[in-house]
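Single-letter residue listing:
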Amino acid sequence: MTTTVKLSKLTLSPINVRRRPDDLLEIPQMAADLEARGVLQNLLVTPVKKPRGTFEVFDGGRRLRGLLLLAERGVIDAENYDVPVKVLVGDEATLSETSTAANFHQLKMTPAEECRAFQYFIGLNNDIDGVAKRFGLTRRFVEGRLRLATLAEPIFEALSEGTITLDVAKAYASTENQEKQLLVWNSYGTGYANADTIRRVIANETMKSTDPVAILVGEDRYAEAGGKIDRDLFSYSGDKWVNPEIAQRLAADIMEAEAKRVGEELGLAWIRPIASNYTHSAAAGLYRVILPQPDLTEEQLARLEAIAQRQEVIAEEMDDESIDEDAYKALDQEYDVLAEEEHTLHNIPPVLPDEIKPLVGAFLKLTPRGEMVLDTEYYSEEPVRVGGSGDDGEDDHGDDASGDGSAGSGSSHTPPAPPPEAIAPGGKPLSARLYDELAMQRRDVLAATLLSHPALALDYALFVMIDDRASTFSAYGSTLRARSPQDPVSGEQPATRARGYLAETHDGLDASWLEHKSEVDRFEAFRALDDDSKAAWLAYIVAMSLEAKATYRAEQCPLHNRLATIMDVDVASWWRPTSENFFDRISKGSILTLLADVGGAALTARHATMKKSEISESCAKLFAGEAIVEPEVRDAALAWVPDAMRFLDKAEADDLEPVEGDPEDQATTDIEDAEGADAADAGEIEADAGTPDQDVLAA
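Residues numbered from 1 in each chain as written. Predicted model: local features only at pLDDT ≥ 70, side-chain atom pairs only at ≥ 80, totals over all residues. Heavy atoms only, no water.

## Remarks on the overall build of the protein
- Scanning the protein from N- to C-terminus turns up 28 helices and 13 strands.
- Here the protein holds 699 residues, and 42% of them are scored as buried.
- Accessible surface for the protein amounts to roughly 37,300 Å². Of this, 51% is attributable to carbon and sulfur atoms. (Helix = DSSP H or I, 4+ residues; strand = E, 2+ residues; numbered from the N terminus. Buried < 20%, exposed > 50% of the residue type's maximum accessible area, 1.4 Å probe, protein only. Areas by Shrake-Rupley, 256 points an atom, 1.4 Å probe, with all protein chains shown as cover.)

What follows is the structure, given as structure tokens:
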């Protein structure tokens, strides 16, 4: 029966299948849409006995919350506002199934929600085929969700919260043994292991006694915990441990205890144990803290001078053909000992200042020999700067590009508001990682353009080398360097035309002089090259020396911008936004705002009801010039690049509106405002029956 009910008579039913906390973030957007258009679709309700005349809403909970928010704000009167509803009467199972069906075909449920819902229905009558038929799914799909529903609780919670992907959850579900799931989770769950790694570890039925984990645990401890061993009597490859999950659990306990002890002893923010000797994967997404090399003391400098003098004497004595063989060997050994001491003095490990210890952490690694070793590198979740040169926060030297301007003095430091070019369309800040990746890609565009300007490359190189000379010390007799830049983001990056062109140019350089073995022969062969070949090498070396960012902060390099202005760099001809390098990385609201800027409300409306993945794919084609649109829209799309990819001279940067206030507060406000505007301006209908978008990324 369809009718209307006063808002004050409606409450949310406990059988509503939706439980995501993320839904609450969309309520302001829903309220704005309801205020503009009213309730366009009936809420599904069922009468309750007490209090008489009231109803519970078992489908349309977000619309109900949006209306209640409007009533709280005084926009509507809950006592007099009529809400269109459809009244259904039935038992709890029937109403819950109706709620699931309604939600399943509207805003897509998360895998975790589907798991719990299907688990409930199968528990009623054990009819998998019946449930699959009612929801229009395959039996295999339902069985897969039922398997996920049996995941160990911490893993299922991680899936529900979105901290692990569906593929990773499926990897854990490759075994029904929750104990084994938890053992692997405790070793890999807090790291960045992919689905293949998880599946491979779970599928590993045995463990060699020579495995680092087995060596760490020891056979006695493993056997005491109930582990079984298959003795290998016919080879020397080692015995087989039948219960690797026991060994992994014991190893996790040992490494956790050692990590806690080391963390307390050193006073670090965290120590993360990893059952590996390599930290690359575990450190993904973290910032490496670069510590300055300590200055040598007067005693150490004096010792180095003494070593050099003694080595000269030894060399002279060894040149004397009259000394016997034993004396020669003794001098040779002494020389080697002195050389090792000299190397040690030149490579004294940096000291971590006490004031930044609470901000950084390290990894406790497991070596192939089963030894627990603390990694020598320090990492932080936010940029931390060591050894600042002043209040301006500039680095003392270009190599120190990952610190926090306040770390050297121990004073508190509030991160500055993001610059205008670090703001996505619609006002939301870009994520720090995306800004860094775009900085690297913008650098590649500048480098690719610089290849055709060798004279400018020479001017730039000479200026940088001369200007940098006063603050640079070298033990090699020259201050000239062409080191590779230390990029702010590690790992594989999206392919771009600029990066491909740099690689092609390298392959086309005259490298015949590199075939000679000695440096003198290579030098003479290089001298013999013609001027054009030398100029090409110069342009390439200078281009490949460009840093992505001048400092750890989200800001551009003014000198890079000046180079780009001189060369009139056209970024759009070198770089186009794709799903991988941009659209998948910003929110749906930002994309819709961008579409409005490029093609107006009509273009936005065509995309408003699409899923996030569909909008991203469509935009990738549009901004690559592959979509069929009006000529003016196509031209605007082909010319557009985000501010983070533009080379902004000061005059251009001043034209952008600055962001004021605290960055986090600003980001929150921008997200709420932008998402509310998305619903009102982009023509979106109510989210309950409209946009099936659930993977919106907060910038």
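## With respect to the side chain of Gln441
- Along the chain, Gln441 falls in helix 17 (residues 432-450).
- Classification of Gln441 by relative accessible area gives buried; the value is 4%.
- When near neighbours in sequence (up to four residues on either side) are disregarded, Gln441 contacts Pro494, Thr496, Trp575, Asn581 and Met645. (Contact = heavy atoms within 4.5 Å.)

## Digging into the nonpolar core
- Within the largest apolar cluster, 56 residues are counted, with the highest numbers of intra-cluster contacts made by Leu430, Val445 and Phe623.
- Take this core: its biggest share by element is eight residues, from helix 17.
- Contacts of Phe623, omitting those with residues within four sequence positions, involve Arg576, Pro577, Phe583, Leu594, Leu595, Val598, Ala637, Leu638 and Trp640.
- Core analysis: the second largest hydrophobic core is formed by 26 residues, Ile246, Met255, Leu291 and Ala362 among them. (Core = buried A, V, L, I, M, F, W, Y, C linked by side-chain atoms within 4.5 Å.)

## Comments concerning the pattern of salt bridges
- Under the defined criterion, the tally for this structure stands at 15 salt bridges.
- With a shortest N-O distance of 2.9 Å, Arg585 and Glu437 are connected by a salt bridge. With Arg585 in the loop between helix 23 (571-574) and helix 24 (588-608) and Glu437 in helix 17, the pair connects residues that are 148 residues apart, well separated along the chain.
- Residue class for Glu437 comes out buried when judged on its relative accessible area of 4%.
- Across the salt bridge formed by Arg443 and Asp444, the nearest N and O atoms sit 2.9 Å from each other. Across the pair, Asp444 and Arg443 agree in class, each one buried.
- Where salt bridges share partners, they join Glu258, Arg261 and Glu265 into one cluster. (Salt bridge = Lys/Arg side-chain N within 4 Å of Asp/Glu carboxyl O.)

## Considering the environment of His607
- Along the chain, His607 turns up in helix 24.
- Sequence separation of His607 and Ser618 is eleven residues, and the distance between their C-alpha atoms is 8.5 Å.
- With near-sequence residues (within four places) excluded, His607 lies in contact with Leu592, Leu595, Ile615 and Ser618.

## Some words on the packing of helix 15 (residues 298-319) against helix 16 (residues 325-346)
- It is at 10 Å that the axes of helix 15 and helix 16 come closest, and there the two elements cross at 155 degrees. Looking at the two axes, helix 15 sits roughly antiparallel to helix 16. In this structure, the crossing between helix 15 and helix 16 has a hand that is left-handed. Across the interface between the two elements, Gln300, Arg303, Leu304, Ile307, Arg310, Gln311, Ile314, Glu317 and Met318 from helix 15 touch Tyr328, Leu331, Asp332, Glu334, Tyr335, Leu338, Ala339, Glu341, Glu342, Leu345 and His346 from helix 16. (Axes fitted to C-alpha atoms, helices over the stretch in contact; angles between N-to-C directions. Parallel < 35°, antiparallel > 145°, perpendicular 65-115°, else oblique. Left-handed = near helix turned anticlockwise from the far one by under 90°.)

## A look at the packing of aromatic side chains
- According to the stated counting rule, one finds eight aromatic pairs in the structure shown.
- Taking the centre distance of 5.4 Å and the plane angle of 50 degrees together, the rings of Phe583 and Phe623 count as tilted. Of this pair, Phe583 sits in the loop between helix 23 and helix 24 while Phe623 is found in the loop between helix 25 (612-622) and helix 26 (631-639), placing the two residues 40 residues apart along the sequence. Of the two residues examined, Phe583 and Phe623, each falls in the buried class.
- Connected via pairs of aromatic rings, a cluster forms that spans Phe582, Phe583, Phe623 and Trp640.
- When the ring centre of Trp270 is taken as reference, the NZ or CZ atom of Arg272 above it lies at 4.1 Å.
- Seen from the ring of Trp574, Arg497 lies directly overhead, with NZ or CZ sitting 4.8 Å from the centre. (Phe/Tyr/Trp six-rings, centres within 6.5 Å; stacked < 30°, edge-to-face > 60°. Lys NZ or Arg CZ within 6 Å of the ring centre and 35° of its normal.)

## Considerations on a negative patch on the surface
- A cluster of like negative charges, contributed by Glu305, Glu312, Glu316, Glu317, Asp319, Asp320 and Glu321, occupies part of the molecular surface.
- Turning to its location among the elements, Glu305 is positioned in helix 15. (Patch = residues over 30% accessible without salt bridge, like charges linked within 9 Å, V, L, I, M, F, W, Y side chains within 5 Å. Lys, Arg positive; Asp, Glu negative; His and termini not counted. Charge placed at Lys NZ, Arg CZ, Asp CG, Glu CD.)

## Re the environment of His506
- Along the chain, the position of His506 falls in helix 19 (residues 497-508).
- Note: C-alpha distance between His506 and Trp537 (31 residues apart in sequence) is 8.6 Å.

## Describing the sheet that holds strand 4 (residues 55-59)
- Pairing within the open sheet is mixed, and its five strands lie in the order 1-5-3-4-2. Pairing within the sheet leaves two strands with one partner each, and these edge strands are strand 1 (2-6) and strand 2 (10-12). Neighbour to neighbour, the strand axes of the sheet diverge by 50 degrees on average, direction disregarded.
- For strand 2 and strand 4, the ladder comprises three bridges, and the chain directions are parallel. Paired with Thr11 across the two strands is Glu56, which belongs to strand 4.
- Across the sheet, helix 3 (residues 61-72) lies against strand 2, strand 3 (43-47), strand 4 and strand 5 (82-87), angled at about 125 degrees from strand 2, the strand it touches most. (Pairing = 2+ DSSP bridges.)

## Things to note about helix 7 (residues 139-149)
- Taken together, the buried positions of helix 7 are Val142, Arg145, Leu146, Leu148 and Ala149. Looking straight down helix 7, one finds that the buried residues subtend no more than 160 degrees of arc, so they occupy a single side. (Arc of directions from axis to C-beta.)

## Considering the packing of helix 24 against helix 26
- Remark: helix 24 packs on helix 26, axes separated minimally by 8 Å, with the N-to-C direction vectors making an angle of 130 degrees. As far as their axial angle goes, helix 26 and helix 24 are oblique. The interaxial crossing formed by helix 24 with helix 26 has left-handed handedness. Side by side, helix 24 and helix 26 meet where Val598, Gly599 and Leu603 of the first sit next to Val633, Ala636 and Ala637 of the second.
- By residue class, the composition of the contact of helix 24 with helix 26 is five nonpolar, one polar and no charged. (Nonpolar A, V, L, I, M, F, W, Y, C, P; charged D, E, K, R; others polar.)

## Topic: unusual backbone geometry
- With a phi close to 55 degrees, Asp568 is a non-glycine residue in the positive phi region.
- Residue placement: Asp568 occurs in the loop between helix 22 (558-567) and helix 23.

## Focus on the environment of Lys6
- Take Lys6: it is sitting in strand 1.
- Take Lys6: its relative accessible area is 31%, and that puts it in the partly exposed class.
- Among residues more than four places away in sequence, those in contact with Lys6 are Ala78, Glu79, Asn80, Tyr81 and Asp82.
- Within the structure, Lys6 has its side chain in polar contact with the backbone oxygen of Asn80 (distance 3.4 Å). (Polar contact = N/O pair within 3.5 Å; in protein donor to acceptor, adjacent residues only side chain to side chain.)

## Overview of the confidence of the model for the protein
- Taken over all residues, the pLDDT of the protein has a mean of 75, while the share at 70 or more is 72%.
- Contacts of residues 469-478 to residues separated by more than four positions or lying in other chains number six contacts, the stretch itself having pLDDT below 50.
- Below a pLDDT of 50 lies the segment residues 657-699, which in the model reaches 102 contacts outside its immediate sequence neighbourhood of four places, other chains included. (pLDDT = per-residue confidence, 0-100.)

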